[in-house]
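Residue-level structural notes
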Amino acid sequence: MTFMRLFVAILTVQVGTIAIAHEGPDPLAHWRFDADSIKSSEASTTVAPRLGPAATLRGNWSQVPDEAGGAIFLSGGGCGIEVTPDHNTAKKFLPEAALTVSAWVTVDKPLRWGGLAGAVEDDGDVESGWVLGYDDDTFTFALRGADEPHRLTYLKGKQKYEQGKWYHVVAVYDGELMQLFVNGKLDAESREQSGDIVYPAKTSFMLGAYHDANEHHGHRGRIREISIYDLAAKPAWVTHEFEHNAALAVLPAAPVVEPLQFVIRPYLQFGTQTSMTVMWRTNYPATTVLHYGENDECNQTIEVEGLSTLHEITIPNLQPQTQYFYRTESRAAAEEKSLTENVGTFQTVVKPETPFAFAVMSDTQGNPTVSGRLAEFAWGQRPSFLLHTGDLVETGPNDAHWTEHFFPSMNPLIRHVPFYPVLGNHEQNARNYFDYVSLPKPEYYYTFEFGNTQFFMVDSNRNVDPDSEQYRWLDEELAKSKAAWKICCHHHPPYSSDENDYGNLWKTNKGTRGDLRVRQLVTLYEKHQVDIVWNGHIHSYERTWPVRENKAVEQDGPIYMITGGGGGHLETAGPVRPYFQNTVRYGHHYVMVRINGQTMELQAYDIDNRLFDQLVIRKSDTTPD
């Protein structure tokens, strides 16, 4: 335990005198979010601590100066202040037997799961750690001790907070009693927990966010100061700490209006020979203006009436297989300066006689480092579009997984080419998916043509049996297609060599070796001479022989390909080779497909952009080389 010390600085604000003070034992960690503590470099922006470890700023933030030394403003969503992604590396700064967490904050947006400081895991039956936070109307404190009930207790305060006002919030635990104080007064307490604090096996140590393995809810509001102690503060100490800065608590509510920023930078959706759709998202409502043309001056303009945060413009009356330039512009009602992005490019869909190429990826999920690397490599080969076979994100209802994982990592590719996705199981049919894509209704199934090829996109999370809407639609669309190449795409694979997704093949030989629900579609693929069926779901690479009537054939049958190595945790093939398997490979990857008339080339590349599989199909003899 450290010795006592006293440091007091007196600052004057409009409402009187505020003391930024600490009196008593030293904390394990203490961060003061003033301008002097924020250190920026090309690689990152960090918060230098008064005591303890430095922390890294994530997402959109801004410094808010005032007469009392200033604070930091976090804009919510994917924001946060990461002390470390693995709390085990900072154990000496995390209390074990007793705990006090003290924070001066404002809440500018209520959250069901708001977080101010903590190292917590609340995922199904796995509950451990602690977090000081808030919910829709009051402050909260969650913690798990070593004794029963072996789960987190969420202590909910009684005093309702007012958005934009300053509050001093303190959580205290002495091994038997949990207490929550707001502005120097006891607000709630519980004796449900006891014993030393139980931490997860691994979790992030975060400030300004509620974060665990499958959730991230960034704080929207100001944070002035956070301190963490390895002892349980007495009520008198909490009151004394509040009184040092009580003048803050009487300031009027003053939510910070941050500068207009991109939440999602401009990207492309559903191109045709004569149109292209551009989408982007801003942090608050703004105008929707698109400049475009056949050179970088972008001298044609389309404007949408009204203000919006999610912006969508379809450019009509374009010429086939033509390069265009575009630039977005948004202006908030109170902003004098427009928010613009650098000029981007795209090409409209090519004519049937023109060769083209496209990239295939799947299961990018919550790994933007890998998916971003693959997207950069794919863009380097200049595909015409991206085909994505589902599980774009780890958790579809979690907006931060879209705004902080998928879109930033894929932007180098999708600001130049449209992406055509299908729903994976991780999207959970979330509203986010339907908000962020612009596809023909009903959006969960659709078809599009590119050059001499037609693509048929299906949602395999929904019913696909012979009496289903999708089955009947697919049968009709395939029957009337005149395309030289027919390609189908859905998330779940009819055929798979995976070791345990369809029965644990290390324990039984009775596995189904594929999803039997979607295998019902195989009848249509064989009936209508589909060439390739692309899937994901299994986090590996697999290519089958042509398959007909559940037998591998040399020709005249659809080839099934799993391209699930876009970022998710990797999976392994079973112990024996099934009849349909041609090639299987463990590792992250993407695929490039090139079509020229009656010839299709497929090449698969690993995480280091090295070629590891290739195939050529020629319609003239229908025999793969």
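Residues numbered from 1 in each chain as written. Predicted model: local features only at pLDDT ≥ 70, side-chain atom pairs only at ≥ 80, totals over all residues. Heavy atoms only, no water.

**Examining the overall build of the protein chain**
The cut-off we apply is this: Put simply, DSSP marks the helices as runs of H or I at least four residues long and the strands as runs of E at least two long, and each gets a number from the N terminus on. In this setup the radius of gyration rests on C-alpha atoms only. A globule is expected at 2.2 Å times the number of residues raised to 0.38. Summary of the burial criterion: residues with accessible area below 20% of their type's maximum are buried, those above 50% are exposed, and those between are partly exposed, where the area comes from a 1.4 Å probe applied to protein chains only. Any two residues having at least one pair of non-hydrogen atoms within 4.5 Å are treated as being in contact. Here the open area of atoms and residues is found with the Shrake-Rupley method and a 1.4 Å probe, where only the protein chains shown may cover a residue. When charges are counted, Lys and Arg contribute as positive and Asp and Glu as negative, whereas His and the chain ends are disregarded. Where a charge lies is defined by one atom per residue type: Lys uses NZ, Arg uses CZ, Asp uses CG and Glu uses CD.
Broken down by element type, the protein chain carries seven helices and 41 strands. Taking 625 residues into account, the globule formula puts the C-alpha radius of gyration at 25 Å, and the protein chain, at 28 Å, falls close to it. In terms of overall dimensions, the protein chain has a C-alpha envelope of 85 × 65 × 45 Å along the principal axes. Taken across its 625 residues, the protein chain has 59% of its residues classed as buried. Here the contacts in the protein chain between residues at least 6 apart in sequence split such that 69% fall between residues at least 24 apart. Of the roughly 25,100 Å² that the protein chain leaves accessible, carbon and sulfur atoms contribute 48%. Both charge centroids of the protein chain, one from 53 positive and one from 80 negative side chains, sit 2 Å from each other.

**Some remarks on helix α6 (residues 469-480)**
For the α-helix, the turn length of 3.6 residues means that residues three or four positions removed from each other point alike. Using the following cut-off: Given the number of residues in a helix, its expected span is that number minus one, multiplied by 1.5 Å. Working definition: the arc comes from the directions between the helix axis and the C-beta atoms, pointing outward to the latter.
For α6, built from twelve residues, the straight-helix expectation of 16 Å at 1.5 Å per residue is met to within 8% by its first-to-last C-alpha distance of 17 Å. Within α6 the residues assigned to the buried category are Gln470, Tyr471, Trp473, Leu474, Glu477 and Leu478. The arc that holds every buried residue of α6, seen down its axis, measures 165°, which confines them to one face. Exposed residues on α6 whose side chains face more than 90 degrees from its buried face are Glu476 and Lys480. Among the structural elements, β30 (446-450), β31 (453-457), β32 (485-489) and α7 (522-527) are those in contact with the buried residues of α6.

**Looking at the sheet that holds strand β12 (residues 126-134)**
Strand pairing in a sheet takes place through backbone hydrogen bonds and is either antiparallel or parallel in direction. Rules: Strand pairing requires that DSSP identify at least two bridges connecting the strands. Axis definition: a line fit to C-alpha positions, over the contact stretch in the case of helices; interaxial angles, taken between N-to-C directions, run 0 to 180 degrees.
The strand order β4-β5-β6-β9-β18-β11-β12-β13-β14 describes an open sheet built from nine strands, whose pairing is antiparallel. Across the chains shown, the open sheet's two edge strands, defined by having one partner strand only, are β4 (38-40) and β14 (153-160). Along the sheet, successive strands turn relative to each other by an average axial angle of 30°, direction set aside. Bridging between strand β13 (residues 138-143) and β14 involves five bridges; their strand directions are antiparallel. Along β14, the bridge assignment pairs Leu143 with Thr153.

**Examining the pairing of strand β8 (residues 71-77)**
Counting buried positions over the seven residues of β8 gives six, a clear majority of the element. In sequence, strand β7 (residues 61-64) turns back onto β8 through a hairpin of six residues, with Gly69 there showing a positive phi of about 105°.

**Remarks on the pattern of salt bridges**
Where we set the bar: Salt bridge, as used here, is a side-chain nitrogen of Lys or Arg placed within 4 Å of a carboxyl oxygen of Asp or Glu.
The full count for this structure, using the stated rule, is 20 salt bridges. Among the ionic pairs, Asp459 bridges to Arg462, the shortest N-O distance being 2.3 Å. Note that Arg610 is salt-bridged to Asp608, the shortest N-O span being 3.2 Å. With relative accessibility at 39%, the residue Asp608 sits in the partly exposed group. One continuous salt-bridge network, built from bridges that share partners, spans Arg373, Arg585, Asp606, Asp608 and Arg610.

**Considerations on the packing of helix α3 (residues 368-380) against helix α4 (residues 399-414)**
For the record, the criterion: Here roughly perpendicular refers to angles of 65 to 115 degrees, roughly parallel to angles under 35, roughly antiparallel to angles over 145, and oblique to all remaining angles. Left-handed describes a crossing in which the near helix is turned anticlockwise from the far one by less than a right angle; the clockwise case is right-handed.
Running from N to C, α3 and α4 point in directions that differ by 15°, and their axes come no closer than 7 Å. The orientation of α3 relative to α4 falls into the category roughly parallel. Both α3 and α4 take part in a crossing whose hand is right-handed. Judged by residue contacts, Pro368, Ser371, Gly372, Ala375, Glu376, Ala378 and Trp379 of α3 engage His405, Ser409, Met410, Pro412 and Leu413 from α4.

**Observations concerning the sheet that holds strand β33 (residues 532-535)**
Taken in spatial order, the seven strands make up an open sheet running β30-β31-β32-β33-β37-β34-β38, and their pairing is mixed. A strand with exactly one partner marks an edge of an open sheet, and here the two such strands are β30 and β38 (581-585). Neighbour to neighbour, the strand axes of the sheet diverge by 15° on average, direction disregarded. Here β33 pairs with strand β37 (residues 559-563) via four bridges, running parallel.

**Thoughts on the packing of aromatic side chains**
For clarity, the threshold we go by: Two rings belonging to Phe, Tyr or Trp (six-membered ring only in the last case) form a pair when the distance between their centres is within 6.5 Å. Interplanar angles under 30 degrees mark stacking, angles over 60 mark edge-to-face geometry, and anything in between is tilted.
In total, this model carries 45 aromatic pairs according to the counting rule given. Judged by centre distance (6.4 Å) and plane angle (75°), the ring pair of Phe270 and Phe448 falls under edge-to-face. Of this pair, Phe270 sits in the loop between β21 (262-269) and β22 (276-293) while Phe448 sits in strand β30, and the two are 178 residues apart along the sequence. Its relative accessible area of 16% is what places Phe270 among the buried residues. Of the residues examined, Phe448 reaches a relative accessible area of 4% and is grouped as buried. Site record: aromatic cluster; members linked through ring pairs are Phe270, Phe356, Phe358, Phe385, Tyr420, Tyr446, Phe448, Phe450, Phe455 and Trp534.

**Quick look at the confidence of the model for the protein chain**
For clarity, the threshold we go by: A residue's pLDDT is the predictor's confidence in that residue, given on a scale from 0 to 100.
With 95% of its residues at a pLDDT of 70 or more, the protein chain has an overall mean of 91. Across residues 1-22, confidence stays below pLDDT 50; counting only partners more than four residues off in sequence or on other chains, it has 59 contacts. pLDDT under 50 marks residues 621-625. Its contacts with residues more than four places away, or in other chains, come to 13 contacts.

**Observations concerning the side chain of Thr56**
Structurally, Thr56 is set in strand β6 (residues 55-58). Excluding residues within four positions of it along the chain, Thr56 makes contact with Ser44, Thr45, Thr46, Gly80, Ile81 and Glu82.

**Focus: the environment of Phe139**
Considering the arrangement of structural elements, one finds Phe139 in strand β13. Sequence separation between Phe139 and Leu248 is 109 residues, and the spatial gap between their C-alpha atoms is 18 Å.

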